[in-house]
Amino acid sequence: MAPIKAAIIGLSGSAKTAWASRAHLPYLFSPLGRSKFEVVALLNSSTEAARAAIKAYNLPASTKAYGTPEDLAADPEVELVITNTRVDKHLETALPSVIAGKDVYIEWPLAANTIEARTLADAVKQHGGLGIVGLQGPLGPLPKKLREVISSGRIGEVLSSELRANGGIDGRGVIPASLSYFTERKVGGYVYTIGFAHQFDLVQSVLGDYKTGPDAPQGFLQIQRPQVKVIGEDKTVVETVTSDTPDLIFVHGYVDSGASLHFRFRVDSPFPSDPALVWTIAGTKGEIRVVAPSSTFIHIGNAADPQKFEVHDFETDMVDEVEWDFEDWQKELNLQARNIGAIYEDYYEVKRNGKQKTFVSFDDALKRHEQLEDILANGLKQ
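Being a predicted model, the structure only gives us computed values, none of them experimental.

Criteria and cut-off values
Residues numbered from 1 in each chain as written. Predicted model: local features only at pLDDT ≥ 70, side-chain atom pairs only at ≥ 80, totals over all residues. Heavy atoms only, no water. Helix = DSSP H or I, 4+ residues; strand = E, 2+ residues; numbered from the N terminus. Rg over C-alpha atoms; globule rule 2.2 N^0.38 Å. Buried < 20%, exposed > 50% of the residue type's maximum accessible area, 1.4 Å probe, protein only. Contact = heavy atoms within 4.5 Å. Areas by Shrake-Rupley, 256 points an atom, 1.4 Å probe, with all protein chains shown as cover. Lys, Arg positive; Asp, Glu negative; His and termini not counted. Charge placed at Lys NZ, Arg CZ, Asp CG, Glu CD. Phe/Tyr/Trp six-rings, centres within 6.5 Å; stacked < 30°, edge-to-face > 60°. Lys NZ or Arg CZ within 6 Å of the ring centre and 35° of its normal. Polar contact = N/O pair within 3.5 Å; in protein donor to acceptor, adjacent residues only side chain to side chain. Pairing = 2+ DSSP bridges. Axes fitted to C-alpha atoms, helices over the stretch in contact; angles between N-to-C directions. Parallel < 35°, antiparallel > 145°, perpendicular 65-115°, else oblique. Left-handed = near helix turned anticlockwise from the far one by under 90°. Nonpolar A, V, L, I, M, F, W, Y, C, P; charged D, E, K, R; others polar. 1 Å grid on protein atoms, 1.4 Å probe; cavity = no way out; pocket = protein on both sides within 12 Å on 5 of 7 lines; lining within 4 Å. Points joined across faces, edges and corners; volume = space filled by probe spheres on them. Salt bridge = Lys/Arg side-chain N within 4 Å of Asp/Glu carboxyl O.

Undergrad: How would you explain the overall build of the protein if you had to name every residue and give the values?
TA: Check the secondary structure of the protein and you find 11 helices and 19 strands. For 382 residues, the compact-globule estimate of 2.2 N^0.38 gives 21 Å, and the protein sits close to it at 21 Å. Taken over the C-alpha atoms alone, the protein extends approximately 65 × 50 × 40 Å along its principal axes. Per-residue burial for the protein yields a buried fraction of 52% across its 382 residues. Residue pairs at least 24 apart in sequence account for 68% of intrachain contacts in the protein once pairs closer than 6 positions are excluded. For the protein, the exposed area adds up to about 16,800 Å²; of that, 50% sits on carbon and sulfur atoms. Of the charged side chains in the protein, 39 are positive and 50 negative; the average position of the first set lies 3 Å away from that of the second.

Undergrad: Tell me about the packing of aromatic side chains, and please be specific about residues and values.
TA: Tallying each qualifying case throughout the model produces 17 aromatic pairs. Judged by centre distance (5.4 Å) and plane angle (10 degrees), the rings of Tyr192 and Phe196 are stacked. Remark: Phe196 and Tyr192 occur in helix α8 (residues 192–207); sequence separation between them is four residues, near one turn of the helix. For the pair Tyr192 and Phe196, a shared accessibility class is recorded, and that class is buried. Following the ring pairs from residue to residue traces out a cluster consisting of Tyr27, Phe37, Tyr105, Trp329, Tyr344, Tyr347 and Tyr348. The ring of Tyr181 is capped by Arg86, whose NZ or CZ atom sits 4.8 Å from the centre of that ring.

Undergrad: Help me get a handle on the side chain of Thr83, residues and values and all.
TA: Looking at the element boundaries, Thr83 is found in strand β4 (residues 80–83). Thr83 has contacts with Ile9, His90, Thr93, Ala94, Val104, Tyr105, Ile106 and Glu107, leaving out every residue within four places of it along the chain.

Undergrad: Let's hear about the environment of Ser21: which residues, and what values?
TA: Along the polypeptide, Ser21 turns up in helix α1 (residues 19–28). A polar side-chain atom of Ser21 sits 2.9 Å from the main-chain carbonyl oxygen of Ala18.

Undergrad: So, the sheet that holds strand β1 (residues 4–9): which residues are in play, and what are the values?
TA: The strand order β3-β2-β1-β4-β5-β6-β18 describes an open sheet built from seven strands, whose pairing is mixed. Because the sheet does not close on itself, it has two edges, and the strands there are β3 (64–66) and β18 (360–361). With four bridges connecting them, strand β5 (residues 103–107) and strand β6 (residues 131–134) associate as parallel partners. From the neighbouring strand, Glu107 faces β6, where its bridge partner is Gly134. Each of β2 (37–43) and β3 touches helix α3 (residues 47–56); the most contacted strand, β3, lies at about 145 degrees to it.

Undergrad: Now, about the sheet that holds strand β17 (residues 318–321): what can you tell me, with residues and values included?
TA: Working definition: the strands of a sheet are paired by backbone hydrogen bonds and lie parallel or antiparallel to each other. Pairing in this open sheet of nine strands is mixed, and the strands run β17-β16-β15-β14-β7-β13-β12-β9-β19 from one edge to the other. Edge strands, defined here as strands with exactly one partner in the open sheet, are β17 and β19 (380–381). Of the strand pairs in this sheet, strand β15 (residues 286–292) and strand β16 (residues 308–313) are connected by six bridges, and their pairing is antiparallel. Bridging from a neighbouring strand, Ile288 pairs with Val311 of β16. Set on the sheet, α8 makes contact with β7 (158–166), β9 (218–222), β12 (248–254), β13 (260–266) and β14 (277–283); between it and β13 the angle comes to about 160 degrees. Sheet strands touched by helix α11 (residues 362–379): β9, β12 and β19. Its angle to β9, the strand with the most contacts, is close to 65 degrees.

Undergrad: Help me get a handle on the pairing of β15, residues and values and all.
TA: Across the seven residues of β15, five count as buried, placing the element largely inside the fold. The pairing of β14 with β15 spans six bridges and is antiparallel. Bridging from a neighbouring strand, Trp279 pairs with Val290 of β15. The antiparallel pairing of β14 with β15 creates a hairpin that spans two residues between the two strands.

Undergrad: I'd like to hear about the packing of α1 against helix α10 (residues 335–353), residue by residue, with values.
TA: The contact between α1 and α10 brings their axes to 8 Å, and the two run at 55 degrees. By the angle between their directions, the pair α1 and α10 is classed as oblique. At the point where α1 passes α10, the crossing takes the right-handed sense. Two secondary-structure elements touch here, α1 through Trp19, Arg22, Ala23, His24, Pro26, Tyr27 and Leu28 and α10 through Gln336, Ala337, Ile340, Gly341, Tyr344 and Glu345. For the contact of α1 with α10, a count of residues per class yields eight nonpolar, three polar and two charged.

Undergrad: Explain the layout of surface pockets residue by residue, including any values.
TA: In this structure, the largest pocket occupies an estimated 1,400 Å³ of space. Around the largest pocket sit 43 residues that line it, and Trp19, Arg22, Leu179, Tyr181 and Phe182 are the ones nearest its centre. Only α1, α8 and α10 provide two or more residues apiece to the lining of the largest pocket.

Undergrad: Now, about the side chain of Lys102: what can you tell me, with residues and values included?
TA: When you line up the elements, Lys102 lands in the loop between α5 (90–99) and β5. In this structure, Lys102 is buried with no salt-bridge partner, the nearest side chain bearing the opposite charge being Asp75 at 5.8 Å. Engagement of the side chain of Lys102 in a polar contact is seen with the backbone oxygen of Asp75, the distance being 2.6 Å.

Okay, here's the thing in structure tokens:
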């Protein structure tokens, strides 16, 4: 079966540490990825920038370089468009391809705000393509194993869950210059909508969606360090900016089963010797504990310091560690690419073999946008 013809938006030839090169190319350029996908075009801010990226990543000379979203959307060869721009550029770069009926993958957040996310979700339904969103956590091996243990009845009926995390890109009022936009809520991509939101989505993929209406999740969010120092590559302070994005996040509520959930996410380093993240799931027969020693990115993982998954059996009072691991093909990739690769694998099976999808769709992502917007609107304390 012929590989799916793909185009990438936002693959920079100069910023080789960007998410597209770290998380997408390793799978797409792997033997497995090449057997299923072929990158045939790039779209950057100009055709010259696209040509530079083609050269930087040794793509074939036949790879097409585009400088406008409309030109890419008009390419009949392209089946899948992969969007890796900053979040406030998602709508303008991806919408023409959605309208053209192409399948479109957009990194999370889907858009800068709920209105734009709804525009994309409605356009996919109207024009017939598939919408795929880079909320990769639910496809990872850890949440899969958690769902398996819970569905087996090992901890009985789930009563409550709590997640406590200290982390984020910025901390203690300092942020790299390349991510200074994390201080601007209008951009749409910052710790609440990225770091916290990935956890928020993953937890709901394991325990079920938060209830809506009177039992909707309630939030208490603060901006504790509004003055943020922006540092350059040499670690010196370039400027000080005022942030309007929350750095302390409390969320509590109930899932559809009636179990209660509580989150606490603080943008800061954990206390020395404390883990970055602890997640517990209490049931009638036992309790699950997930500990991430050094990173809150449980949707990605940490190869050097992996998350520990334990189950406490109330009857025997024994604690067992539950083994979980990536598939063999994923272990050949760097960590950031493993669960992204799982999205591509799932999409390929849907597209070529008619499998039921497990990836996050535009509609799924819109629901998360609506949840986050509601919590922020009602919970942010100035």
